[in-house]
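# Analysis of the macromolecular model
Chain residues, written in single-letter form:
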Amino acid sequence: MISDIILTTLINGSTYALLAIGFSLIFGVARIVNIAHTAFYMVAAYCIFFGTHRLGMHPVLAMLMALIVVVLLGLICYKLFIEPIREHEAAVLIATIALAMIFQEVMLLIFKGDYRTVPPLVPGYMDLAGVKIGYQQLLTIAAALIILAGVWAFLIKTRLGLAIRSTAQDREVANLMGMNEARVAMLTLAVSVGIAALTGAVVLPLTVLNPHMWMAPLIMMMAVVVLGGLGSLKGSFAGAFILAFSEALVVFLIPKGAFLRESVALSIMILVLLLRPEGLFGVYFEEER
Amino acid sequence: MKNLKLLFVIFLAFFLVATTGLPVWSADTIKIGVIGPMNFTQGKGHWNGALMAQDEINAAGGVQVGNKKMKIELVKADSNEFLSMTDATNAMELLLTRNKVDFVVGGFRTEAVLAMQDIAMDYKTIFLGCGAATKKICDRVGEDYDRYKYWFRITPFNNIFLARTNFIHLATVAGIMRKTLGIQKPKVAIVGEKQAWVEAMITAAEATIPKLGMEVAGVWRPSQTATDVTAELSAIQRSGAHIAFTIFSASVGVTFAKQVGELKIPIAQVGINVEAQKDGFWEATGGMGNYVMTMNTYARDVEYNEFTKPFVHGYIKKFGEVPTYTADTHSAILILSEAIKRAGSLDADKIVGELEKTDLTGSSGRLKFDKNHDPVWGPGYLTSLGVQWQDGKLVGVWPNKWKATKDAPEITYKGIVSYKLPPWFIEAYKK
């Protein structure tokens, strides 16, 4: 059973980590609570489905197309809906909820509510420590870890990464040092939704596509981010695996209560917050001056 | 100028009356509200079945009401009940107050139907349910007849009989396992989504499975919208289960079947999987849903009686797919029109009396109501089918030489074929 729990934790944890890091990134840099983050993930999944099933594209090409479409869509949404109200955090939050609902309804109109799937890139499975694990699941774990490493390298090694990190630390000082804070925020949003699109791409073959698929991961993603500490990438990474582990424990130890996995994960989050309000790797944001 | 103002006021009043839909000019039509989750297959079934009934009745000149013929006019209402209960109740309120329908057919999710039922009863409007299975919905008729007598369930039969039918399917598959693979006491994993209608079935399954010579390996309750059940599947496999007794009405049915197929988990899936009842299931699971068995109302080549084929083939011709059970709005409207004809008026109380006398053989069997306005189950009445996905085709596999009691005659509907165990299951358990 231990091997089952570890493998389940790795698979779900890497997906949550990918989503949470993208969400955390844009919050850390621009204080944008992008509720539509997982809706971008859903749009990417539909783009890949459309590319492979309707246009007959190769899955990898469809993934590339999805990435481009979602990043462009993210930038358009930022310019039209978010930038004009950016200084009002509550308004941004509500605007992004509206955006998510719009995406959902548009997908429902185009693709209807039917459930759809795409075939795995690598079909088949292997027996690992007595647990059947699909090659696609292994691929997803590997892809998630590579993407996470890529994001890490991007933030640490590149000039834009440096700009993003410094803006995340102190927007005003970054501005005073000559960085175009608005531009950095826009580019960060592009990176953030790009990660959401990539998550959609790697997770899609494992999941069932429908216009409401953005809701469940949204709750878990926000729980991960809050647990790890708002704006902390390290925290998001750790939080993702902690919550995935708690979910796996519920499913394996209380099978009758498998539907409680999210509730238990959220309870753990609340418990941690009671003991450590800033989250596990909490970042105290300076008061806006 | 004054006259012009008056003329404007008259025009405005005329416009308001026209758009708020007072039924002054539609007196020669019977308005039937069709309510369901219209963006989903279940709602599409509701609407398509109703459309077929409307076309058939109107083509024959309409419904005889007293000494005049009245045409059927359908009003579509999207209950969005998978996502929002408020949307469902609002849709019902709109049907009854703005559209002023005479009757309502449809509904799917128990939680939503209970709320919509109350609204319809407030307005003393006949509501023919075509989706929700919970017994409690009909029990209300017995508990408070004067209030709930306007409710009748057309399909499916209630969850107690759904469970009973499923246990017969389960025993049939267990019998095949005993006979072909020598598994004397198959272990059964009960896997039910977390929804109200499932509760009673799980309790019944836990009590009945041991009596059928099987063993309960455990109970798993994934969320109805779970997009990943690999953890549950690992646990089920560890439990040594041979059969997964599934109770699914939502998307988890696709997830579960797909992941069982992908990982070749050695279990046979038997039970209810509403998603597997649809033609789109094969595509939705990418072919991984092969060998899934579910109960269903219709299958492409299976005939209960002489009325099944014309309905199923007519439906396929018109809508390009096999009807799901919610398309029995077709039967609902035919039964209703017969009751109206007999009552000779649109008076709800008179029609209730006539509906209670219903004894009609339709495309899915013979329909008769019990005292709670629930359809009667059993041989000679409604039985439903056991269907299985076999290499991309949904075929009927039950009833196949089924005897309801020792002395009862064998029942096999026309077009039934043999059940098949998944090859990877046979591989895992062959001696």
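Each chain carries its own residue numbering, running from 1 in the written order of its sequence. Numbering of ligands from 1 and lettering of chains from A proceed in the order in which they are written. In view of the model being predicted, local features appear only for residues whose pLDDT reaches at least 70, and side-chain atom pairs are presented and counted only at 80 or more, with totals across whole chains, interfaces and linings using the full set of residues.

All names here are of chain A. Packing of helix H1 (residues 2–30) against helix H2 (residues 37–54) leaves a shortest axis separation of 10 Å and a crossing angle of 125°. Taken together, the axes of H1 and H2 are oblique relative to one another. Remark: the crossing between H1 and H2 carries right-handed chirality. When H1 is examined against H2, the residues Leu 19, Gly 22 and Phe 23 are found in contact with a partner set consisting of His 37, Thr 38 and Tyr 41. Under the scheme applied, nonpolar residues are Ala, Val, Leu, Ile, Met, Phe, Trp, Tyr, Cys and Pro; charged residues are Asp, Glu, Lys and Arg; polar residues are all the others, including Gly. Grouping the constituent residues of the contact of H1 with H2 by class yields 3 nonpolar, 3 polar and no charged. Axis angles are defined between N-to-C directions and span 0 to 180 degrees, where every axis is a line fitted to C-alpha atoms and, for a helix, only to the segment in contact. Each helix is a run of DSSP H or I of at least 4 residues and each strand a run of E of at least 2, with the numbering of both proceeding from the N terminus. Here is the rule for angles: anything less than 35 degrees is roughly parallel, anything more than 145 is roughly antiparallel, 65 through 115 is roughly perpendicular, and the remaining ranges are oblique. For any pair of crossing helices, the crossing counts as left-handed if the nearer helix is rotated counterclockwise from the farther one by less than a right angle, and right-handed if it is rotated clockwise. Two residues form a contact once the distance between their C-beta atoms, set from the backbone, is within 7 Å.

We now examine the packing of helix H3 (residues 59–82) of chain A against helix H4 (residues 89–111) of chain A. Residues and elements named next belong to chain A. Two elements in contact, H3 and H4, have axes separated by 11 Å at closest approach and are oriented at 130°. Overall, the two elements H3 and H4 adopt an arrangement that is oblique. Crossing geometry of H3 relative to H4 is assigned as right-handed. Residues Cys 77, Phe 81 and Ile 82 of H3 form the contact with H4, whose own contacting residues are Val 92, Ala 95 and Leu 99.

Interface size is commonly expressed as the accessible area that is lost once the parts come together. All names here are of chain B. Domain boundaries assigned for chain B yield domain 1 (8–156 + 305–368) and domain 2 (160–296 + 399–429). For every domain, the bounds stem from an assignment made automatically or drawn from a database. For domain 1 versus domain 2, the distance between C-alpha centres works out to 32 Å. Contacts between domain 1 and domain 2 engage 11 residues on the former and 9 residues on the latter. Here the residues of the side of domain 1 that touches domain 2 are counted per class, giving 4 nonpolar, 4 polar and 3 charged.

Looking now at the confidence of the model for chain A. Residue and element names in this part refer to chain A. For chain A, per-residue confidence averages 86 on the pLDDT scale, and residues scoring 70 or more make up 97% of the total. pLDDT gives the predictor's per-residue confidence on a scale running from 0 to 100. Across chain A, the element-wise mean pLDDT spans from 80 in strand E2 (residues 131–134) up to 94 in H3. Note that residues 285–289 has pLDDT below 50 and, in this model, 3 contacts with residues that lie over four places away or in other chains.

Another aspect to go through is helix H9 (residues 230–238) of chain B. Residues and elements named next belong to chain B. Burial is judged by counting the other C-beta atoms within 10 Å of a residue's own C-beta: 20 or more makes it buried, 12 or fewer makes it exposed, and any count in between marks it as partly exposed, with every C-beta position built from the backbone. Among the 9 residues in H9, 7 count as buried, and that is most of the element. Regarding H9, the residues found buried are Thr 230, Ala 231, Glu 232, Leu 233, Ser 234, Ala 235 and Ile 236. Phi turns positive, to about 80°, at Gly 240, one or two residues after H9.

We now examine the sheet that holds strand E10 (residues 268–273) of chain B. Note: strands within a sheet are paired through backbone hydrogen bonds, in either parallel or antiparallel orientation. All names here are of chain B. Any two strands with at least two DSSP-identified bridges between them are counted as paired. The sheet built from 4 strands is open, its strands ordered E8-E7-E9-E10 with parallel pairing. At either margin of the open sheet sits one strand with a lone partner, and together these are strand E8 (215–220) and E10. Between one strand axis and the next, the sheet turns by 20° as a mean value, whatever way the strands run. As paired strands, strand E9 (residues 243–248) and E10 are joined by 6 bridges and run parallel to one another. Counted as the bridge partner of Ile 247 is Ile 272 from E10. Its contacts with the sheet put helix H8 (residues 196–211) on strand E7 (187–192), E8 and E9, and the angle it makes with E7 is roughly 175°. The strands that helix H10 (residues 252–263) touches are E7, E9 and E10; relative to E9, the one it contacts most, it runs at about 160°.

The term nonpolar core means buried Ala, Val, Leu, Ile, Met, Phe, Trp, Tyr and Cys residues held together as one set by C-beta atoms within 7 Å. Ranked by internal contacts, the top residues of the largest apolar core, which has 222 residues, are Ala 44, Val 70 and Ala 197 of chain A together with Ile 243 of chain B. For this core, the element with the most residues is H1 of chain A, which contributes 13 residues. Mapping this core onto the domain boundaries places at least three of its residues in each of domain 1 (8–156 + 305–368) and domain 2 (160–296 + 399–429) of chain B. If near-sequence neighbours (up to four positions away) are discounted, Val 70 of chain A is found in contact with Phe 40, Val 43, Ala 44, Cys 47, Val 193, Gly 194, Ala 196 and Ala 197 of chain A.

Another point: the interface of chain B and chain A. Counting residues at the interface gives 34 residues for chain B, matched by 31 residues for chain A. Secondary structure elements with two or more residues in the side of chain B that touches chain A: E8, H9 and H10 of chain B. In terms of residue count, H9 of chain B provides more of the side of chain B that touches chain A than any other element does, 7 residues in total. Tallied by class, the residues present in the side of chain B that touches chain A amount to 11 nonpolar, 14 polar and 9 charged.

Note on backbone geometry: most residues besides glycine have negative phi, and most peptide bonds are trans. Residue Pro 156 of chain B is bonded to the preceding Thr 155 of chain B through a cis peptide linkage, with omega at -10°. Among the secondary structure elements, Pro 156 of chain B is positioned in the loop between strand E6 (151–155) and helix H7 (159–181). Pro 399 of chain B follows Trp 398 of chain B through a cis peptide bond whose omega is 0°. By the element assignment, Pro 399 of chain B lies in the loop between strand E15 (393–398) and helix H15 (423–429). For Lys 112 of chain A, which is not a glycine, the phi torsion comes out positive at approximately 65°. With respect to the helices and strands, Lys 112 of chain A occurs in the loop between H4 and strand E1 (125–128). According to the C-beta neighbour criterion, Lys 112 of chain A is partly exposed, with 16 such atoms within 10 Å. For His 373 of chain B, which is not a glycine, the phi torsion comes out positive at approximately 65°.

Residue and element names in this part refer to chain A. Within the secondary structure layout, Gly 228 lies in helix H9 (residues 215–228). Between the C-alpha atoms of Gly 228 and Ala 62, which are 166 residues apart in sequence, the distance is 33 Å. Residues within four places of Gly 228 in sequence aside, it is in contact with Ala 20, Gly 235, Ser 236, Ala 238, Gly 239, Gly 279, Leu 280 and Phe 281.

All names here are of chain B. An order of E11-E14-E15 is seen for the 3 strands of this open sheet, with the pairing classed as antiparallel. Each edge of the open sheet carries a strand with a single partner, namely strand E11 (293–296) and E15. Along the sheet, successive strands turn relative to each other by an average axial angle of 40°, direction set aside. Pairing geometry for E11 and strand E14 (residues 385–390), over 4 bridges, is antiparallel. Considered in E14, the bridge of Met 295 is made with Gly 386.

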